[in-house]
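# Topology and contacts: notes
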Amino acid sequence: MEIFKSLEEHDYEQMIFMQDKETGLKAITCIHDTTLGPGLGGTRYWTYENEEDAIEDVLRLARGMTYKNAASGLPIGGAKTVILKDPKNQVSKEAMFRAFGRFVEGLNGRYITAADVGTTEVEMDYIYQETNYVAGTGLKPGTSGNPSPSTAHGVYVGMKAAAKKAFGSDSLQGKSILVEGVGKVGYLLAEAAIKEGAKVYATDIFERPKERARELGCEIVEAESMFDIKIDIYAPCALGASINDESLKKIEKAGIKVIAGAANNQLAETRHGDKLDEMGIVYAPDYILNAGGVIQVADEFNGGYNAERARKSVNRIYDQIEKVFKIAERDGIPTYKAADILAEERITAVRNTKSIFARDSKSILNR
Ligand code: NAD
């Protein structure tokens, strides 16, 4: 693999390979872009087939964070870490994550980490023993805790903005909404929609979440027949790629006018986003809609978490989604492309201000 070629392709700033024999740590942090602020992105602890897969994953995820953070209006850049898990090698997690924390400290604030797939508050607590550049630890004063309620609230307000575009009003009252996956986010989204007077259908692959959703007031539907009913809004809140060749045919039949959900990477391929546009379906791009969690986490760095201030920031997802729709109209493009443009335009505009000299610790004036 030609790493520099890959870095050049999407203008990545930095890639850091970290190794510690004692603890078995093998980690890669990728900092994609810090124009808007320090790179923030979670640490994924995962078993990869080979090193190339890990490199590809961290490149893709770091760039994704740049777009998500920029399009959400946050003063932070994009980065990500993968720690290569070796199932055969039993390691002391505490020692390994502390070793990683020391490397993060060495980056001196260019990178802030948080939990991701395979890591939780426990690992963040280990990292926090070595560095302050970590969010979502239970030990830090002013920590923000579980991000799912903020994510769900962001999806809810973004869904309302999308409803306004499709139906002329942002009220969800009387709308039929299908929530696919009633886990941490889907459940809370369903709750908010029911509270507003929507008729919510829910599906899941497990019985327990279905049971909880039924108790909440959702009507449970089976995954195979979930598009057989008449639906106004489809909220994918399970796994990615739920918008694909097969589902698109059913989505049309169900009369769906809006797609707004929490799942990451909802479009199986970008051409499915083009297809939604052709079909006249209002698609609220996933990474803007589900940014509530990262908005909450980023708030910790404003001198400690403030729930009221974070909620205000999450509410802005409504405006960001409206901006996406405006760009889509302006440029005659599908919304998934407009989301990228929203991010890129902001980064470019801010990058230009950096041509103005400002004294900092490295300035010649301080020597
Ligand atoms: P979760 O694991 O708590 O919930 C997902 C639910 O989907 C589970 O109940 C699971 O049983 C169900 N499910 C899985 N496959 C399914 C299928 N094929 N059909 C129907 N149901 C299925 O996860 P979550 O934290 O609620 O996250 C939901 C989605 O939102 C994920 O894609 C996640 O990456 C994304 N997301 C979550 C957050 C967050 O703060 N939790 C932030 C950003 C993005």
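Residues numbered from 1 in each chain as written. Predicted model: local features only at pLDDT ≥ 70, side-chain atom pairs only at ≥ 80, totals over all residues. Heavy atoms only, no water.

Attention now moves to the overall build of the protein. Scanning the protein from terminus to terminus reveals 14 helices and 12 strands. C-alpha extents for the protein along the principal axes are approximately 65 × 50 × 45 Å. Looking at the protein as a whole, 53% of its 367 residues are labelled buried. Put simply, 69% of the contacts in the protein that link residues at least 6 apart link residues at least 24 apart. Counting every atom, the protein has about 17,800 Å² of accessible surface; 49% of that belongs to carbon and sulfur. The centroid of the 47 positive side-chain charges in the protein is displaced by 4 Å from the centroid of its 54 negative side-chain charges. (Helix = DSSP H or I, 4+ residues; strand = E, 2+ residues; numbered from the N terminus. Buried < 20%, exposed > 50% of the residue type's maximum accessible area, 1.4 Å probe, protein only. Contact = heavy atoms within 4.5 Å. Areas by Shrake-Rupley, 256 points an atom, 1.4 Å probe, with all protein chains shown as cover. Lys, Arg positive; Asp, Glu negative; His and termini not counted. Charge placed at Lys NZ, Arg CZ, Asp CG, Glu CD.)

Within this structure, the stated rule accounts for two aromatic pairs. Measuring from centroid to centroid gives 5.5 Å for Tyr 45 and Phe 97, while their planes differ by 80°, and the two rings are edge-to-face. Placement of Tyr 45 in strand β4 (residues 43-46) and of Phe 97 in helix α3 (residues 93-106) is noted, with a sequence separation of 52 residues between them. Relative accessible area serves as the criterion here: at 0%, Phe 97 is assigned to the buried category. Ring plane angle 85° and centroid distance 5.2 Å describe the contact between Phe 227 and Tyr 234, whose orientation is recorded as edge-to-face. Of note, Arg 212 hangs over the ring of Tyr 187, and the distance from its end group to the ring centre comes to 4.0 Å. (Phe/Tyr/Trp six-rings, centres within 6.5 Å; stacked < 30°, edge-to-face > 60°. Lys NZ or Arg CZ within 6 Å of the ring centre and 35° of its normal.)

Of all residues adjacent to the ligand, which total 19 residues, the nearest are Thr 151, Lys 184, Val 185, Asp 204 and Ala 238. Within the backbone of Ala 238, a nitrogen or oxygen atom sits 2.7 Å from an oxygen atom of the ligand. One nitrogen or oxygen atom from the side chain of Asn 264 is found 3.0 Å from an oxygen atom belonging to the ligand. Breaking the shell around the ligand down by element, the ones donating at least two residues are α5 (148-167) and α6 (184-195). A class-by-class count of the residues in the shell around the ligand yields 10 nonpolar, six polar and three charged. (Near = heavy atom within 4 Å. Polar contact = N/O pair within 3.5 Å; in protein donor to acceptor, adjacent residues only side chain to side chain. Nonpolar A, V, L, I, M, F, W, Y, C, P; charged D, E, K, R; others polar.)

Right, let's get into the sheet that holds strand β12 (residues 282-283). Reading across the sheet, the six strands line up as β9-β8-β7-β10-β11-β12 and stay open at both edges, with parallel pairing between neighbours. Looking at the sheet topology across the chains shown, the edges are occupied by β9 (219-220) and β12. For strand β11 (residues 258-259) and β12, the ladder comprises two bridges, and the chain directions are parallel. Counted as the bridge partner of Ile 259 is Tyr 283 from β12. (Pairing = 2+ DSSP bridges.)

According to the stated counting rule, one finds 26 salt bridges in the structure shown. When the shortest N-O distance is used, the salt bridge between Arg 110 and Glu 13 registers 3.0 Å. Highlighted residues: Arg 110 in the loop between α3 and β6 (111-112) and Glu 13 in the loop between α1 (3-9) and β1 (14-20), separated in sequence by 97 residues. Residue classification places Glu 13 among the partly exposed positions, given a relative accessible area of 38%. We note a salt bridge from Glu 329 to Lys 165, for which the minimum N-O separation is 2.6 Å. Note that Glu 329 is positioned in helix α13 (residues 317-331) and Lys 165 in helix α5, a separation of 164 residues in sequence. (Salt bridge = Lys/Arg side-chain N within 4 Å of Asp/Glu carboxyl O.)

The subject of this paragraph is the domain arrangement of the protein. Under the domain assignment, the protein is made up of domain 1 (3-63 + 79-128) and domain 2 (149-293 + 302-346). The centre of domain 1, based on its C-alpha atoms, is set 30 Å off from the matching centre of domain 2. (Domains from an automatic or database assignment.)

Bringing helix α8 (residues 245-253) into the picture now. The set of residues buried in α8 consists of Ser 247, Leu 248 and Ile 251. The arc that holds the buried residues of α8, viewed along the axis, is 105°, so those residues lie on one side. Away from its buried face by more than 90 degrees, α8 exposes Glu 246, Lys 249, Glu 252 and Lys 253. The elements touched by buried residues of α8 are β10 (233-236), β11 and α9 (270-278). (Arc of directions from axis to C-beta.)

Now for the side chain of His 272. Position of His 272 relative to the elements: it lies in helix α9. Judged by relative accessible area, which is 2%, His 272 ranks as buried. Residues contacting His 272, with those up to four places away along its chain left out, are Ile 243, Asn 244, Asp 245, Leu 248 and Leu 267.

Moving on: the packing of α13 against helix α14 (residues 335-353). For any two helices packed against each other, the geometry is given by the interaxial angle and the distance between the axes. Following both chains from N to C, one finds α13 and α14 inclined at 105°, their axes separated by 8 Å at the closest point. As far as their axial angle goes, α14 and α13 are roughly perpendicular. Across the interface between the two elements, Gln 320, Lys 323, Val 324, Phe 325, Ile 327, Ala 328, Arg 330 and Asp 331 from α13 touch Thr 335, Ala 338, Ala 339, Ile 341, Leu 342 and Glu 345 from α14. Here the residues of the contact of α13 with α14 sort into eight nonpolar, two polar and four charged. (Axes fitted to C-alpha atoms, helices over the stretch in contact; angles between N-to-C directions. Parallel < 35°, antiparallel > 145°, perpendicular 65-115°, else oblique.)

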